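In case you want the letters, here they are:
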Amino acid sequence: MPKFSANLSFLYQDLPFLDRFAAAARDGFMGLEYLGPYAEPKEMVVDALKANGLTQVLFNLPSGDWAGGERGIACLPDRVDEFRDGVAAALDYAAVLDCKRLNVISGLVPKDDADLETLERVLVDNLRYAAPRMADAGIKLLIEPINLRDMPGFFLSTTDHAERILEKVGSDNLYIQYDFYHMQIMQGDLMQTFERLMDRIAHVQLADNPGRNEPGTGEINYGFILSELDRLGYDGWVGCEYRPKAGTTEGLGWMRLYRM
Ligand SMILES: O=C(O)C(=O)[C@@H](O)CO
Ligand SMILES: [Mg+2]
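Criteria and cut-off values
Counting of residues starts from 1 at the beginning of each chain's written sequence and follows it residue by residue. Labels are handed out in written order, letters beginning with A for the chains and numbers beginning with 1 for the ligands. pLDDT decides what is reported in this predicted model: residues at 70 or higher carry local features, side-chain atom pairs at 80 or more are listed and counted, and totals for whole chains, interfaces and linings draw on all residues regardless. Values reported for side chains reflect all heavy atoms of the structure, with hydrogen atoms and water molecules removed beforehand. UniProt positions are given in the numbering used here, feature names are shortened, and annotations may be inferred rather than shown by experiment. Only DSSP runs of H or I with at least four residues qualify as helices, and only runs of E with at least two residues qualify as strands; both kinds are numbered from the N terminus onward. Keep in mind that water is not among the atoms, so a site may look incomplete; donors are the N, O and S atoms within 2.8 Å of the metal, or 3.2 Å for Na, K and Ca. Here the metal geometry follows the donor angles, with tetrahedral for four donors whose angles all fall between 85 and 135 degrees, square planar for four and octahedral for six when opposite donors are more than 155 degrees apart and every other angle is between 65 and 115, and irregular for all the rest. Categorising residues by exposure relies on relative accessible area from a 1.4 Å probe, with only protein chains included: less than 20% of the type maximum marks a residue as buried, more than 50% marks it as exposed, and the intermediate range marks it as partly exposed. Any Phe, Tyr or Trp ring, taking Trp's six-membered ring, that has another such ring centre within 6.5 Å forms a pair; planes under 30 degrees apart are called stacked, those over 60 apart edge-to-face, and the others tilted. Only lysine NZ and arginine CZ atoms are considered, and such an atom sits over a ring when it is within 6 Å of the ring centre and within 35 degrees of the ring normal.

Looking at an unreviewed UniProt entry, the protein carries the name Hydroxypyruvate isomerase, with the source organism given as Rhizobium calliandrae. According to the UniProt record, the Sequence similarities (unreviewed entry) comment for the protein reads "Belongs to the hyi family."

Structure below.
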């Protein structure tokens, strides 16, 4: 049976951030994920987790000026110091929140410097820096391919590229975050690819396509996918990273079907 994690950067948007924890627990979620906890004092996040009996499943390393349009800094040559500071900040929060997975957002290809080889070298070097530090803390480091329709210019958009990065980094503590929604848009063949890469996938996320709404609103057969995850013995979390069409709680009918 899948373990569902509520992505609080997408779900319960009508509530203040820390109030989303109780709402997720009330709806039956056991785990949480979000872009990052950095705007909140650690103690308040821990209290909200503990008060609601929730597991902190995953969050991202600091990813630059998100509101200003940045989508990660890990491939950007002039941001290496900031990336390293971000590793320390993420480790600090993860220790307190007992979080065992941290995701790196690779970044957008800068419009004025599209030297892809340089960007790739910077990303690989940054991941080589982060992976052993995460391993020492018992935390898995992840990278996520993201679709180019929603995020034009994103540096890492396919599993082939993610595999190449894993190979170049050469760490057994670097994994893929496999987001079915992004992968449906970029490449399809969702479960064949999942099965081939399963040993290197440490987190999956879902949303339907088109629209990035609840499972059952589009073309992706999540009944099949979730039963395949069980059949293949995937014992990780399934992140619910979608935009609820009606309201988060009202739209959770799909999840109850798979919890029974
Ligand atoms: O957008 C996604 O997909 C994510 O998983 C975010 O954490 C980063 O964009
Ligand atoms: Mg995702």
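(A) How the structure looks around the environment of G170. Of note, G170 is situated in the loop between helix 5 (159–169) and strand 6 (174–179). Linking G170 and A89, residues 81 residues apart in sequence, is a C-alpha distance of 24 Å.

(B) The arrangement of the coordination of the magnesium ion (ligand 2) in detail. Protein-derived coordination of the magnesium ion (ligand 2) comes from E144 (OE), D179 (OD), Q205 (OE1) and E241 (OE), at a distance range of 1.9 to 2.2 Å. One way to put it: the 6 donor atoms around the magnesium ion (ligand 2) meet at angles of 76 to 177°, and that makes the site octahedral. One chain supplies every donor for the magnesium ion (ligand 2), spaced along it as E-x34-D-x25-Q-x35-E. Here the residue E144 occupies a position in the loop between strand 5 (140–143) and helix 5, and E241 occupies one in the loop between strand 8 (237–240) and helix 9 (253–259), the gap between them amounting to 97 residues. In terms of burial, E144 and E241 fall into one category: buried.

(C) Fine view of the packing of aromatic side chains. Enumeration according to the criterion identifies 13 aromatic pairs in this entry. Where F17 meets F21, the ring centres are 5.5 Å apart and the plane angle is 85°; that geometry is what we call edge-to-face. Residue F17 shares its accessibility class with F21, and that shared class is buried. Centroid distance Y38 to F59: 5.9 Å. Interplanar angle 80°. Geometry classified as edge-to-face. Of this pair, Y38 sits in the loop between strand 2 (31–34) and helix 2 (42–51) while F59 sits in strand 3 (residues 55–60), and the two are 21 residues apart along the sequence. Taking the relative accessible area as the measure of exposure, Y38 reaches 25% and is therefore partly exposed. Through a chain of ring-to-ring contacts, the aromatic side chains of F17, F21, Y34, Y38, F59 and Y93 assemble into a single cluster. A cation over an aromatic ring shows up here: R200 above the ring of Y175, its NZ or CZ 5.5 Å from the ring centre.

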